[in-house]
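So you can see what is in the structure, the chains are spelled out below.
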Amino acid sequence: MNNLVTQLIHACNGYHYESVGIISAFFNDPYQAQDCARQIRSRVDSIVEVCGCQLAVWL
């Protein structure tokens, strides 16, 4: 699951940081973050939260 999430983040031109139980992603544009969150939600059964240009995925 982690690989799929990180691939989706990179496909949306974002970069990520992984810590215990959470993948944080950062984007240049809040619309990129929203789009990436939609893609992750549609493929992974996990909690995804967006705040501005950032998103967090609970693993």
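Residues numbered from 1 in each chain as written. Predicted model: local features only at pLDDT ≥ 70, side-chain atom pairs only at ≥ 80, totals over all residues. Heavy atoms only, no water.

**A look at the overall build of the protein**
Here comes step 1: Looking only at helices and strands, one finds 2 helices and 4 strands in the protein.
Here comes step 2: Taken from the N to the C terminus, the helices and strands of the protein come in the order α-β-β-α-β-β.
Here comes step 3: A compact globule built from 59 residues should have a C-alpha radius of gyration of about 10 Å, and the protein, at 10 Å, falls within 12% of that.
Here comes step 4: Dimensions of the protein along its principal axes, counting C-alpha atoms only, are 25 × 20 × 20 Å.
Here comes step 5: Expressed as a percentage of the 59 residues in the protein, the buried residues total 34%.
Here comes step 6: Pairs at least 24 apart in sequence give 39% of the contacts found in the protein among residues at least 6 apart.
Here comes step 7: Accessible surface, the protein as shown: approximately 3700 Å² in total, 50% of it carbon and sulfur. (Helix = DSSP H or I, 4+ residues; strand = E, 2+ residues; numbered from the N terminus. Rg over C-alpha atoms; globule rule 2.2 N^0.38 Å. Buried < 20%, exposed > 50% of the residue type's maximum accessible area, 1.4 Å probe, protein only. Contact = heavy atoms within 4.5 Å. Areas by Shrake-Rupley, 256 points an atom, 1.4 Å probe, with all protein chains shown as cover.)

**Let's talk about helix α2 (residues 30-43)**
Side chains of residues three or four places apart in an α-helix project in the same direction, reflecting 3.6 residues per turn.
Here comes step 1: Spanning 14 residues, α2 covers 20 Å between terminal C-alpha atoms, matching the ideal 20 Å at 1.5 Å per step.
Here comes step 2: For α2, every residue scored as buried is listed here: Ala33, Cys36, Ala37 and Ile40. Buried residues along α2 cover an arc of 105 degrees about the axis, so they all sit on one side. When the buried face of α2 is taken as reference, the exposed residues oriented beyond 90 degrees from it are Tyr31, Arg38 and Ser42.
Here comes step 3: Two to three positions downstream of the cap, the backbone nitrogen of Tyr31 sits 2.7 Å from a side-chain oxygen, assigning the N-cap of α2 to Asp29. (Expected span 1.5 Å × (residues − 1). Arc of directions from axis to C-beta. Polar contact = N/O pair within 3.5 Å; in protein donor to acceptor, adjacent residues only side chain to side chain.)

**So, the side chain of Ser46**
Here comes step 1: Within the secondary structure, Ser46 is located in the loop between α2 and β3 (48-51).
Here comes step 2: Take Ser46: its relative accessible area is 19%, and that puts it in the buried class.

**A word on unusual backbone geometry**
Here comes step 1: In this model, Asn13 sits at a positive phi of 65 degrees, which is unusual for a non-glycine residue.
Here comes step 2: One can find Asn13 in the loop between α1 (2-11) and β1 (15-19).

Geometry only, nothing functional implied.
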